[in-house]
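Residue-level listing of the chains:
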Amino acid sequence: MYTLSGSDDFRIDNVTGEITRINPLDREVISKYNLYIDATDGFNTTTLNLTVVVEDVNDNYPEVTSVFELEIQENRASGSENIMIDATDSDALENQQLSYHLYDPSFAQYFSLDTETGLFTTNVSMDREIQSSYDVLIIIRDNATMLPLYNLTKVTVDILDENDNPPVFDNQCNSVIHVSEGRPEGTAIGQVQAYDADEQDSPNSQILYQLGNNTESDIFSTYFVINDTTGELFTTNVPIDREVHKNFSLSIWALNPDNVISDVCLIKVVIDDVNDEKPTFTTESMVTEFIVYEEFAEFGTTIHTFSATDNDTYPNNIVWFTIEESSNNDNHFYIENDITDSTGTLKISKVNVSSVPYELTITVQNINGTELINAVKETLNIYIISNPTYSINIEPVENTTCYREEIGNCTLSIETDSYGNAEDISFEIIKQTFQEEIGSETIVSTMLIINTDGELSINSSAGIGRYIIVVKAFNISEESIYDQETVFITIVAVNNTAPKFIESVPPLIQSDTKIETEVFKLNATDKDHPELGNGEIMYNITKEENIANGQRIFSINPSSGSISLLLSPTEISIATRYTSTIINVTVDVQVYDLSVESGVDNAMLEFRIQLPSPSPVITYAPLQYSLKEEQDPMYLFQVTAKDGDTSSSDGPLSFELDGSGAEFFEINNDGNVSSKVKFNCEKGDSNFEIVVIVSNPSSLKDYAVVVINIKDINDNLPTFKESFAFDVFENHLVNDTVGYVYAYDDDIGSSNNTNTVNYKLLDNAEYFGVDAYTGEICTKDELDRETTDSFNLTIVAFNIIQPYIDDDTDFKTNTTTVLIRVLDVNDNGPKFDQDSYKTYFTDYNANIGVEVLTVHAEDADKGFNSMLVYSLSAEDSSLEYFTVNKSTGVITTKRMFSSDLLEELPTFNLVAHAEDQGSPPKSDKVGVEIVLSKPGQPKFNKSTPEKQTLEIMEESTDLKQFPAAELPDENRNEGNVTYSITGGSGVDDFCIPNPLVNILRPIYELDREANASYTLIIAAEFCNYTLNECSNLTSDCETESNDLKHVAALQTYPSSDTVLTPNEILLTIILEDINDEPPTIENDNINGYIIAGVRDDTEYGYELFQVQAQDKDTTSKLEYSMSPSDNSLFMIDSDTGQVFGKGFLYKDIDYSNPDNWKNQEFKYTIQVTDANSTVTGESTTTTNSKIRILSRFEHILLIFNKSVETIKDEQQYIVK
């Protein structure tokens, strides 16, 4: 007797000593057992120490216990950063050894992974601005020989930012900002923005804005301020006056935190005008008193014209003059305004003589829309007096010029012309202003003095410039009698005399004089002092007689007065076509000094130029000529010329070439120009300039310049110089870019587009398109990697103009094949291969780990997206008894079944799950039914599906064997197997003669044409009776309830995926055909005839109709014939049944008799025969046909003698 101790996982048979396992073993929990075996005979006992070593199986997945995160400073050298991927596996030996792999091979360009150690290292210097982080999936796999297990982990790589990118302004820079003057304080006028590609919201991407240190920065900062963080520009509290600053130019800096200038934005700020300036009366126009004599005081009399200026810009500077109503109560006066020159003329409306002056207030204002603003007022008195008994009139004073050095001697007397009793006259200066330069004006008071006698003198401190003085002469006893006059006095430097030419005559210019030769020198004198600027004189040519077709002949040195030739006498002769020997040219010259008021003297010179003997003249030469490249040397054009020297008889004209292109061209004595070489634009030949020189025997010449343009031809096809391959994920957006192809064309194409490349896609246009101009490849339809994982696109590059092709041109160079690899995304979930699983499990006494059933799912994706992990779930206790292999889907027993459970024989309902490893994962589930069944039931061997298909000859009732079922070994001696048909479409057509024999037969002769196949479900049962008793069971062939069985079978016809018990098998019966069916003709017929019509001018081989015949037998071979067969009009194809005409039918018709050609109808018998030699029944079928020959004339009558409505109604009949 044997006993065992040391472990509850083993037991020993106390009689045989056989040791068996009673619990599952887990090497990772207990790798070795020490068992103690006691053997006793009841009297003596001996003990054996037994060591059981548990061998490893690969049942543990690699495990990762930590999170892997790697931070890398961008721009660090490759390999400077790394992390160790740490994983463990509880298995042993090679099942415990791990290898590490990148899930996505594309990451290999950035990272390397040691497959043995798991050291994860950078391959390149990382740029955060290209990608800031990476999620790298790592496959950790054990090294098991069979079915290695794997796991996934992820390394998160974060790229840390460095300040390696400068701020860059956007495209709003270099713009113009308009700001109205007088904007309120703090008004936003614009904003500049820069972008820093470094990490956002970090110090590295912080941008500070600052006004640059340009020349106007101090001024600009007075009026504007910039927000250093937002880049917004604002006005300060200092108002902007456009009349002082019309615009500002500034630079704005974008700086990093280290205050290093990274980019500069140039902004121009234009100050827009507002109407903020008041108009002012001009000094010349403002007089305060006027005297109007009664005899002139009539309507429309002009008293005075006012003028005003306004520093604003148009239209804000438009002025308008008015008379204040309170000072013009009776409308004695009115003003006519002229806005074009900013003047207003004061005129009389109606006045009376009055001892009291009219006191008018004149207002000048701006026009602002319909309003008048910015009023400026001046008051004046107008005296209307009776015609005077006396008056004072100041005689007009000419503009006076005084020398600065002689101011003390410069006086001016104001003369008056008195009328009446005006005797006691005095003078005074009402107003004096000074102009140092045009546009400037200053009011002065003491520079000019006038005494009572009207003598005007100048203060010794007066400067050089112009003085404007308003002088008044008045009667001392009655000041209302006066006159006033404006006097202009200009003070210049001493001796401001005008320069004077010294007369001289230019000499004759000889015919051999060269260009740039001095031919004459002007002489002039100026008595002024050069050191004061007065005596420095300059020369100028003001006019030159045009005799050389617009070309100037002379030039002058403005300082020295030296006159030189710009054209030689020979060139003048060519330009003027003069035939005389001397030509006269008139030239106007001028000399002037450089004083404030320049003095000028003018003179006219006449130059005489001796011309050479008349030169030859080119009468025709093209300005330009175009020549295509790759042309053999050839004649181009002819230059024609004539000799102007008619007296010469020494010989003909001669031609020669000069210029940059002379070596490539030639000219003969007839002026014919030809090319000497073949040109190639791709080698730099483009434009050549040749100078055609024609000479006469006197060595006189004429010239013509011809530009020869070498035109590019399309002699180079576009060429793809590289191969193209692109990766695109299958969820790529439609109409989104995949990549670009580029072709190169060596043609120049500067003007005729010979190098313009277009692209065209030759295949796969359903999914992709290519832009004809840019070569951009885009998707046109959704991609599905599971349908097509790659595409080869053939793209042709071509020119838009016809190519010029040599015989040796390689046409293959203008096409390329583009490989598009479609990358997988997890767009497909797993799918189990059955809708449900069911199995009958009888080996419930077996040990733990017995295979029960395999569930299997497929995932159409690729890689990790298709890697499946299986699991089980249940709502009851089924998971206590079964487990599934995560990798293979094999369901095995997890524990042994109790005796109580075996009595119940329950059904276990589980749910099998399959989940892929995509992100996010997808899954599928399926029901699994495991039925515990009694042992001893027979089972069919279903491992050979081909044995489950039987072939039976049509009409045969022979016996046919089907696969046998077997009993378990332990039951083979306990009984026998019986067979019966339990279902299927042939349950009413087949039977099993002997229930103990796996043979069936048809009940009656079967017709394949009625039903070509059947299905049968055959069940095998255990019969524990004696052999004789089992054989006496009623067979299916003797059952009288076939009708009932047929009804039952009609209710459920099984398919190939029907769930069968182990003791059931599904058979498929295929009937083999015998040739027992006759042919049939299916053509439409009318009264038993196939009707057809044909024109009499139909050519040979015209098809009239085709006989439509068929034979239900699969072995039939149909042949067609027509009788009578020797007719001359029609024939039939023996293989296809097509009926053809034999030629022009009108040749056999007598058209002289209308009855003949109106009734040409022929009858034929068409026969269809099954020519197979194995025909067992009727093999021939016939039909009749009528063929009517329609003459050309009858055809016309048939169509056009019927109405449209009739033709529509009879259309079907006419067609037939």
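Residues numbered from 1 in each chain as written. Predicted model: local features only at pLDDT ≥ 70, side-chain atom pairs only at ≥ 80, totals over all residues. Heavy atoms only, no water.

A. Broad picture of the overall build of the chain. On a plain count of helices and strands, the chain comes out with 9 helices and 90 strands. Within the chain, the proportion of its 1216 residues that are buried is 41%. Pairs at least 24 apart in sequence give 68% of the contacts found in the chain among residues at least 6 apart. A total accessible area of about 66200 Å² is found for the chain, and carbon and sulfur atoms account for 46% of it. (Helix = DSSP H or I, 4+ residues; strand = E, 2+ residues; numbered from the N terminus. Buried < 20%, exposed > 50% of the residue type's maximum accessible area, 1.4 Å probe, protein only. Contact = heavy atoms within 4.5 Å. Areas by Shrake-Rupley, 256 points an atom, 1.4 Å probe, with all protein chains shown as cover.)

B. Here's a closer look at the sheet that holds strand 78 (residues 990–991). One open sheet holds the 3 strands; their spatial order is 75-79-78, and the pairing between them is antiparallel. Unpaired on one side and paired on the other, strand 75 (960–961) and strand 78 mark the two borders of the sheet. Note that strand 75 and strand 79 (residues 999–1002) share 2 bridges and pair antiparallel. Bridging from a neighbouring strand, Lys960 pairs with Leu1000 of strand 79. (Pairing = 2+ DSSP bridges.)

C. Layout of the pairing of strand 74 (residues 949–953). Of the two faces of strand 74, the one holding Leu950 and Ile952 is buried and the one holding Thr949, Glu951 and Met953 is not buried anywhere. Two strands pair when backbone bridges link them, and strand 74 and strand 81 (residues 1064–1072) are joined in this way by 5 bridges, in the parallel orientation. Within the sheet, the bridge partner assigned to Leu950 lies in strand 81 and is Ile1069.

D. Just the sheet that holds strand 50 (residues 635–638), in detail. With antiparallel pairing, the 3 strands of this open sheet are ordered in space as 50-54-53. Here the strands that pair on one side only, and so sit at the sheet edges, are strand 50 and strand 53 (665–667). When strand polarity is set aside, the average angle formed by the axes of neighbouring strands in this sheet is 25 degrees. Relative to strand 54 (residues 672–675), strand 50 runs antiparallel, the two sharing 3 bridges. Bridged to Phe637 within strand 54 is Val673. (Axes fitted to C-alpha atoms, helices over the stretch in contact; angles between N-to-C directions.)

E. Here's a closer look at the nonpolar core. Core analysis: the biggest nonpolar cluster contains 28 residues, and Leu522, Ile553, Phe554, Ile563, Phe607 and Ile609 have the highest contact counts within it. Counting only elements with at least two residues in this core, the list comes to strand 41 (518–521), strand 43 (537–544), strand 44 (554–556), strand 45 (562–565), helix 2 (569–576), strand 46 (582–593) and strand 47 (600–610). The element that contributes the greatest number of residues to this core is strand 46, accounting for 5 residues. Setting aside its immediate chain neighbours within four residues, Ile553 contacts Glu544, Ile547, Ala548, Ser564, Leu565, Leu566, Leu567, Ile572, Val585 and Ile609. Counting 26 residues, the second-largest nonpolar core is a separate cluster that includes Leu412, Val444, Leu448 and Ile469. (Core = buried A, V, L, I, M, F, W, Y, C linked by side-chain atoms within 4.5 Å.)

F. The packing of aromatic side chains, seen in detail. All told, the structure shown has 36 aromatic pairs when counted by the stated rule. With a centroid separation of 4.5 Å and an interplanar angle of 40 degrees, the aromatic rings of Phe434 and Tyr467 are classed as tilted. With Phe434 in strand 34 (residues 425–435) and Tyr467 in strand 38 (residues 465–475), this residue pair connects regions lying 33 residues apart in the sequence. Residues Phe434 and Tyr467 agree in their burial class; the two are buried. An angle of 80 degrees between the planes, with centres 6.3 Å apart, marks the rings of Phe832 and Tyr837 as edge-to-face. Looking at Phe832, the relative accessible area reads 5%, which means it is buried. A relative accessible area of 3% means that Tyr837 is categorised as buried. Members of the aromatic cluster, connected to one another through ring pairs, are Phe107, Tyr110, Phe111, Phe120 and Tyr134. (Phe/Tyr/Trp six-rings, centres within 6.5 Å; stacked < 30°, edge-to-face > 60°.)

G. Structural detail: the side chain of Asn865. You can see Asn865 is positioned in the loop between strand 67 (857–858) and strand 68 (868–873). Engagement of the side chain of Asn865 in a polar contact is seen with the side chain of Asp824, the distance being 2.7 Å. The residues touching Asn865, leaving out its near neighbours within four places in the chain, are Tyr103, Asp824, Val825, Asn826, Asp859, Asp916, Gly918 and Ser919. (Polar contact = N/O pair within 3.5 Å; in protein donor to acceptor, adjacent residues only side chain to side chain.)

H. Region of interest: the side chain of Asp310. Structurally, the position occupied by Asp310 is in the loop between strand 24 (302–309) and strand 25 (319–323). Take Asp310: its relative accessible area is 11%, and that puts it in the buried class. Separated by 2.8 Å, the side chain of Asp310 and the backbone nitrogen of Asp312 make a polar contact. Here Asn366 takes part through its side chain, which lies 2.6 Å from a polar atom of the side chain of Asp310.

I. Representation of the pattern of salt bridges within the structure. Under the criterion given, the structure shown has 12 salt bridges. Between Arg821 and Asp727 there is a salt bridge; the shortest N-O distance is 2.5 Å. Note that Arg821 is positioned in strand 63 (residues 815–823) and Asp727 in strand 57 (residues 724–729), a separation of 94 residues in sequence. Here Arg821 falls in the partly exposed class, since its relative accessible area comes to 35%. With a shortest N-O distance of 3.1 Å, Arg785 and Glu786 are connected by a salt bridge. A relative accessible area of 9% means that Arg785 is categorised as buried. We classify Glu786 as partly exposed; its relative accessible area is 22%. If you follow the salt bridges from partner to partner, you end up with Arg27, Glu28 and Asp56 in one network. (Salt bridge = Lys/Arg side-chain N within 4 Å of Asp/Glu carboxyl O.)

J. Geometry of unusual backbone geometry. A cis amide bond links Ser1123 to the next residue, Pro1124, at an omega of -5 degrees. Within the secondary structure layout, Pro1124 lies in the loop between strand 86 (1118–1123) and strand 87 (1130–1132). In this structure, Leu93 takes a positive phi of about 55 degrees despite not being glycine. Here Leu93 shows up in the loop between strand 7 (82–84) and strand 8 (98–102). You can call Leu93 exposed: its relative accessible area is 63%. Of note in the backbone geometry, Asn735 takes a positive phi value of approximately 70 degrees without being a glycine. Within the secondary structure, Asn735 sits in the loop between strand 57 and strand 58 (737–740).

K. Inspection of the environment of Gln948 at higher detail. Mapping Gln948 onto the fold places it in the loop between strand 73 (939–940) and strand 74. Residue class for Gln948 comes out buried when judged on its relative accessible area of 15%. Taking the C-alpha atoms as reference points, Gln948 and Ile1069, 121 residues apart in sequence, are found 8.8 Å from one another.

L. Highlighting the confidence of the model for the chain. Taken as a whole, the chain shows an average pLDDT of 80; of its residues, 83% reach a score of 70 or greater. Low confidence marks residues 807–812, where pLDDT is under 50. Its contacts with residues over four positions away, or in another chain, come to 4 contacts. pLDDT under 50 marks residues 1195–1200. Its contacts with residues more than four places away, or in other chains, come to 3 contacts. (pLDDT = per-residue confidence, 0-100.)

M. Representation of a nonpolar patch on the surface. A surface patch of nonpolar side chains, amounting to about 250 Å² of accessible area, comprises Trp320, Ile339 and Leu372. Following the sequence through the fold, Leu372 ends up in strand 29 (residues 371–385). For Leu372, a relative accessible area of 37% puts it in the partly exposed group. (Patch = residues over 30% accessible without salt bridge, like charges linked within 9 Å, V, L, I, M, F, W, Y side chains within 5 Å.)

N. Region of the structure containing the environment of Pro921. As for its placement among the helices and strands, Pro921 is situated in the loop between strand 71 (907–916) and strand 72 (923–932). In this structure, the C-alpha to C-alpha distance between Pro921 and Asn828, residues 93 residues apart in sequence, is 9.7 Å.

O. Geometry of the environment of Thr416. Positionally, Thr416 belongs in strand 33 (residues 416–419). Its relative accessible area of 22% is what places Thr416 among the partly exposed residues. The spacing of Thr416 and Ala473 is 57 residues in sequence and 7.8 Å in space, taken between C-alpha atoms. Aside from chain neighbours lying at most four places away, what touches Thr416 is Ile392, Asn393, Ile394, Glu395, Ile425, Phe427 and Ala473.

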